[in-house]
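Read off the chains here:
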Amino acid sequence: MLRIFGLRAGLLPLALGSSRRQLSEGLHPSNIRIITELPRIVGDAGAECSGRIVGLPSLPEVLLAHQEEAVRLMRTAAMQYGVGCELVGLGAVCAIVGLRGEALAAGLPKPVTTGNSLTCWASAETVCKLHAALSARPGFPERVLIVGFPGTMAEALCEVLLRRGLPVEAYHPSFPKRLERALLAMEKATGATIARRTDLPEALAEGGLVVGASSLGGELAAMKLRSGTVVVDVAQPLDTSEAQRRRPGLLVVEGELVAMPQAAGAQWRGALTSAYNTVVGQGAHRVFACLAEPMVLSMEGRRESFSLGKRIDPARVEEIGALATTHGFGVRELYTGRRRLDEGRLAAFGTTGR
Amino acid sequence: MAYTEEEIFDKVRDAFVEALGVDEDEVVMKAKVIDDLGAESLDFLDIVFRIERAFDVKIPRGDLERQAQDALDGEVYEVDGVLTEHALEKLKAVMSEVDPSEIVHGLRTKDIPRLFLVETFYRMVVKLLRDQAAAEE
């Protein structure tokens, strides 16, 4: 049984007793906090893993402003608190700083993964489920509009959806050369055509299924969204605003969650300490896909840096998704506002847009 | 360590090539980092990290904005996210490598990164190395 070690940062340590002043002053190893222990998690195929989730003591802006120090702190945390762990998973800001995991991986004698491949898979699954449920609605645009280019997740998700046969539109105000090259390569690889949209208000006025996958969030927050629009919000922070998420007539679905294996049972629920629930938790039955990715790799006995750096490989997205399914992780239900999306509501939305 | 201007540019260019996967010949001084090279927000972090490592320097986040704000001597920098006329003038001075016709009324603080050129980073490094050398004297 492999042990995994999950590192998360951001505001998490606030909930664990560090003051905002302490966090903004600098990066101190003495403030590293254990969020929870994962004593024994069993997958549906009988494989197991165990581990520990640790929070870094800093505000996101401090980590982003001091990347070299942040990488050092992550290394210290992984070495001191990850004794016996054979795989390091990164979440939140930890997966961004230091070349998105590459700098940490280069200086650590253990594999590191950002979890981005399984996050992309979970998002694709969510989009496909919604597309299947909604595309029969009269007047509902068949295409999926992706916002967030040239972000890593937007590009990867675009290619995965194309490979699955969904019609995709890409929004960017100007489509710079590098992005255009990437889209052309996707079109060549899949034989599909990606419609380029440069006017976001115009594209959003058509409604339909919209994916918010920007890197810094807030991309849709100030935009007017047509009633009946369904948004899959993959961004962290989210692309939609709180008001949009509460607005009747709009459906904002969380796009980066997977259900835990049925067999995980009591041991998994035992790991859901108040600290976990406060800083990571999505309830007893679901988990961020980036946290699930090292669990899946662990259950598979795969000691490898599966997702690192800027590029997310669509083939690896499908590979980790298949492995996750084998072990009982999956997008079995959809979630909105941290609650399960009632099938009746989705059906009604699919029929009437309400 | 003292670098020639050419050596500095070569290292800055390498940072862009590695971070963005663009060709060397695309990374010219006047290339716009977002519009010409296709960078997104997180790419800026990667570029800065690579440059900091290459030169063993620390690039302060938001340094250009801070310089422009400092130069305002307490005058208002922005209103509802839009730069004031004074701020625009100071930004033109701080970012003299940018075509001044692009620093115009209505510019929002969140759009400042869109002005960044490869030369912006090059000049930042030159200044940091100069400050570092001065501090060592």
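Residues numbered from 1 in each chain as written. Chains lettered and ligands numbered in written order. Predicted model: local features only at pLDDT ≥ 70, side-chain atom pairs only at ≥ 80, totals over all residues. Heavy atoms only, no water.

Draft legend 1. Looking closely at the overall build of chain A. In terms of helices and strands, chain A carries 15 helices and 15 strands. Here chain A holds 354 residues, and the buried ones make up 61% of them. Residue pairs at least 24 apart in sequence account for 70% of intrachain contacts in chain A once pairs closer than 6 positions are excluded. A total accessible area of about 13200 Å² is found for chain A, and carbon and sulfur atoms account for 51% of it. (Helix = DSSP H or I, 4+ residues; strand = E, 2+ residues; numbered from the N terminus. Buried < 20%, exposed > 50% of the residue type's maximum accessible area, 1.4 Å probe, protein only. Contact = heavy atoms within 4.5 Å. Areas by Shrake-Rupley, 256 points an atom, 1.4 Å probe, with all protein chains shown as cover.)

Draft legend 2. Region of interest: the environment of H285 of chain A. Residues and elements named next belong to chain A. In this structure, H285 sits in the loop between α12 (274–279) and β13 (286–288). On the basis of relative accessibility, which here comes to 52%, the residue H285 falls in the exposed class. When the C-alpha positions of H285 and L157 are compared, they lie 24 Å apart, and in sequence the two are 128 residues distant. Ignoring anything within four residues of it in the chain, the contact list for H285 reads V258, A259 and M260.

Draft legend 3. Quick look at the nonpolar core. All names here are of chain A. Of all hydrophobic cores here, the largest spans 72 residues; its most connected members are L161 and W268. Top element by residues in this core is helix α6 (residues 116–134). It accounts for nine residues. Beyond its immediate chain neighbours, meaning those up to four positions away, L161 contacts A124, V127, C128, V144, I146, L166 and V168. (Core = buried A, V, L, I, M, F, W, Y, C linked by side-chain atoms within 4.5 Å.)

Draft legend 4. Layout of the sheet that holds strand β8 (residues 195–197) of chain A. Residue and element names in this part refer to chain A. Spatially, six strands are ordered β8-β7-β6-β9-β10-β11 in an open sheet, and the strand pairing comes out parallel. A single partner strand is all that each edge strand has here, and the edge strands are β8 and β11 (251–254). The mean angle between the axes of side-by-side strands here comes to 25°, regardless of whether they run parallel or antiparallel. Of the pairings in the sheet, the one linking strand β6 (residues 144–147) to strand β9 (residues 209–212) comprises four bridges and is parallel in character. (Pairing = 2+ DSSP bridges. Axes fitted to C-alpha atoms, helices over the stretch in contact; angles between N-to-C directions.)

Draft legend 5. Structural detail: the interface of chain A and chain B. With 26 residues of chain A at the contact, the number on the chain B side is 23 residues. At the junction of chain A and chain B, the tally comes to seven salt bridges. For E68 of chain A, the salt bridge is made with R53 of chain B, and the minimal N-O distance between the two is 2.8 Å. Of all the secondary structure elements, the ones that give two or more residues to the side of chain A that touches chain B are α2 (60–65), α3 (67–81), α4 (97–100), α5 (102–106) and α8 (177–190) of chain A. (Salt bridge = Lys/Arg side-chain N within 4 Å of Asp/Glu carboxyl O.)

Draft legend 6. Fine view of the packing of aromatic side chains. As enumerated under the stated definition, the model contains six aromatic pairs over all chains in all. Measuring from ring centre to ring centre gives 6.4 Å for F9 of chain B and Y122 of chain B, while their planes differ by 65°; the resulting arrangement is edge-to-face. Here the residue F9 of chain B occupies a position in helix α1 (residues 5–20), and Y122 of chain B occupies one in helix α5 (residues 118–136), the gap between them amounting to 113 residues. In this structure, F9 of chain B and Y122 of chain B share a single accessibility class: buried. Aromatic rings pair up to connect F16, F44, F116 and F121 of chain B into one cluster. The ring of F306 of chain A carries R316 of chain A above its face, with NZ or CZ at 4.0 Å from the centroid. (Phe/Tyr/Trp six-rings, centres within 6.5 Å; stacked < 30°, edge-to-face > 60°. Lys NZ or Arg CZ within 6 Å of the ring centre and 35° of its normal.)

Draft legend 7. Focus on the environment of R61 of chain B. Here R61 of chain B shows up in the loop between α2 (41–55) and α3 (63–70). Classification of R61 of chain B as partly exposed rests on a relative accessible area of 43%. Sequence separation of R61 of chain B and A39 of chain B is 22 residues, and the distance between their C-alpha atoms is 17 Å. In contact with R61 of chain B, not counting residues within four places along its chain, are E61, L64 and A65 of chain A together with R66 of chain B.

Draft legend 8. Region of interest: the packing of α6 of chain A against helix α13 (residues 289–300) of chain A. Residue and element names in this part refer to chain A. Across the interface, α6 lies against α13 with an axial gap of 7 Å and an inter-helix angle of 120°. On the basis of the axis angle, α6 is oblique to α13. When the axes of α6 and α13 are compared, the crossing they make is right-handed. Each of N116, S117, L118, T119 and A122 in α6 lies in contact with α13, whose residues at this interface are A289, C290, A292, E293 and V296. Class assignment of the residues belonging to the contact of α6 with α13 gives a composition of six nonpolar, three polar and one charged. (Parallel < 35°, antiparallel > 145°, perpendicular 65-115°, else oblique. Left-handed = near helix turned anticlockwise from the far one by under 90°. Nonpolar A, V, L, I, M, F, W, Y, C, P; charged D, E, K, R; others polar.)

Draft legend 9. Layout of helix α4 (residues 85–94) of chain B. Restricting attention to buried positions, one finds in α4 of chain B the residues A87, L88, L91 and V94 of chain B. Buried positions in α4 of chain B, seen along its axis, are confined to an arc of 125° and lie on one side of it. (Arc of directions from axis to C-beta.)

Draft legend 10. Focus on the packing of helix α7 (residues 152–163) of chain A against helix α14 (residues 314–326) of chain A. Residues and elements named next belong to chain A. The N-to-C vectors of α7 and α14 enclose an angle of 75°; their axes lie 9 Å apart at closest approach. Comparing their axes, α14 and α7 come out roughly perpendicular. For the pair α7 and α14, the contacting residues are E159, V160 and R163 in the first and P314, V317 and E318 in the second. Split by residue class, the contact of α7 with α14 holds three nonpolar, no polar and three charged.

Draft legend 11. Looking closely at the pattern of salt bridges. Evaluated as defined, the whole model comprises 38 salt bridges over all chains. Its salt-bridge partner being K310 of chain A, residue D43 of chain B comes within 2.8 Å of it at the nearest N-O pair. Within this pair, whereas D43 of chain B is found in helix α2, its partner K310 of chain A is found in the loop between α13 and α14, the two belonging to separate chains. The shortest N-O distance in the salt bridge between R13 of chain B and E24 of chain B comes to 4.0 Å. Of this pair, R13 of chain B sits in helix α1 while E24 of chain B sits in the loop between α1 and α2; the two residues are 11 residues apart in sequence, bridging distant segments of the chain.

Draft legend 12. Just the layout of surface pockets, in detail. Residues and elements named next belong to chain A. Estimates place the volume of the second largest pocket at around 300 Å³. Taken together, 13 residues make up the lining of the second largest pocket; nearest its centre are E155, R178, A182, M186 and R311. At the level of elements, α7 and α8 are the ones that each hand at least two residues to the lining of the second largest pocket. Within the lining of the second largest pocket, the residues separate by chemical class into seven nonpolar, one polar and five charged. (1 Å grid on protein atoms, 1.4 Å probe; cavity = no way out; pocket = protein on both sides within 12 Å on 5 of 7 lines; lining within 4 Å. Points joined across faces, edges and corners; volume = space filled by probe spheres on them.)

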